[in-house]
Every structure is written in C-alpha cells, then in structure tokens.
Amino acid sequence: DECLITIEIKLYPNPFAEETFLNYYISEKSIVRIDLFSITGNKIKELQNAPQEPGDHRVTVSGSELSAGIYYYQINAKATGSNHSETRFGRMIKQ
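Residues numbered from 1 in each chain as written. Predicted model: local features only at pLDDT ≥ 70, side-chain atom pairs only at ≥ 80, totals over all residues. Heavy atoms only, no water.

Next up on the list: the nonpolar core. By size, the foremost hydrophobic cluster in this structure holds 20 residues, and its most contacted members are Ile-34, Leu-36, Ile-75 and Met-92. Elements with a minimum of two residues in this core: strand E1 (7–12), strand E2 (19–26), strand E3 (30–38), strand E5 (55–62) and strand E6 (69–79). What Leu-36 contacts, discounting residues up to four positions off in sequence, is Asn-42, Lys-43, Ile-44, Lys-45, Leu-47, Val-61, Leu-66, Tyr-71, Tyr-72, Tyr-73 and Met-92. (Core = buried A, V, L, I, M, F, W, Y, C linked by side-chain atoms within 4.5 Å. Buried < 20%, exposed > 50% of the residue type's maximum accessible area, 1.4 Å probe, protein only. Helix = DSSP H or I, 4+ residues; strand = E, 2+ residues; numbered from the N terminus. Contact = heavy atoms within 4.5 Å.)

Here you go:
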C-alpha cells in the first residue's frame, strides 16, 4: 500500500499589493520547500525549507521587495521516512 502526498494550495489575495498568503495543506509529514521565481525563471527567494507536520500551513509573501509583475511559486513536499514527493506550481501577480 503506497500513500502518496497530497498538496492543496490557496493563494489570497491574488493579485496583491502589500502581501499575499500562500495557504497549503500537506497530507504527510514532509520537508516542504517553497521557492519564488521571476517570470523569466530566475529564483528570487526561498520562502520555506523545513520539516512540517501534516495539516494546514501558511506562508506570508511580502510585496515590499517585489516589483509589479507576474511571479511563480513552486512547492515541493518530500515525505520523511519514504521516497514520496509531490511538486505544485502556481502564479501570483504583484500590482
């Protein structure tokens, strides 16, 4: 019986001006890494890189260091104690 990791993401508000909240759920204890990229694919910032318990989590993305434009985020969760991993991508717009 294999248990796969589930990641569910909600980003609000989007578009945003001052800050936005990346709310996510992971189904297994995992090492979660969240990176922010420019529209050209350059990594701008690591938002999260730590072990986390299953459940709901939130990362605040501050717009103070970002120019207006389109950005992409990548969330990767690698289950601790197994080889299971899952990656999700999304887009955010800074006004």
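Still to come is the rest of the account.
A few words on the pattern of salt bridges. For the structure on display, the rule yields seven salt bridges. Here Glu-46 makes a salt bridge to Arg-33, at a shortest N to O gap of 3.4 Å. Here Arg-33 lies in strand E3 and Glu-46 lies in strand E4 (residues 43–52), a separation of 13 residues in the sequence. A relative accessible area of 38% places Glu-46 in the partly exposed class. Note that Arg-88 is salt-bridged to Glu-86, the shortest N-O span being 2.4 Å. The exposure class of Arg-88 is partly exposed, given its relative accessible area of 34%. (Salt bridge = Lys/Arg side-chain N within 4 Å of Asp/Glu carboxyl O.)

Looking now at the sheet that holds E3. If you walk across this open sheet you meet the four strands as E4-E3-E6-E7, and the pairing is antiparallel. Since the sheet does not close on itself, it has two edges, and those belong to E4 and strand E7 (85–94), each with one partner. Here the strands of the sheet are splayed against their neighbours by 15° on average, with no regard to which way each runs. Relative to E6, E3 runs antiparallel, the two being bridged by nine bridges. Residue Ser-30 lies in a different strand from E6, and its bridge partner there is Ala-79. (Pairing = 2+ DSSP bridges. Axes fitted to C-alpha atoms, helices over the stretch in contact; angles between N-to-C directions.)

Next up on the list: the side chain of His-84. Position of His-84 among the secondary structure elements: in the loop between E6 and E7. The buried category is assigned to His-84, whose relative accessible area is 19%. A polar contact of 3.2 Å, which involves the side chain of His-84, links it to the side chain of Ser-82. (Polar contact = N/O pair within 3.5 Å; in protein donor to acceptor, adjacent residues only side chain to side chain.)

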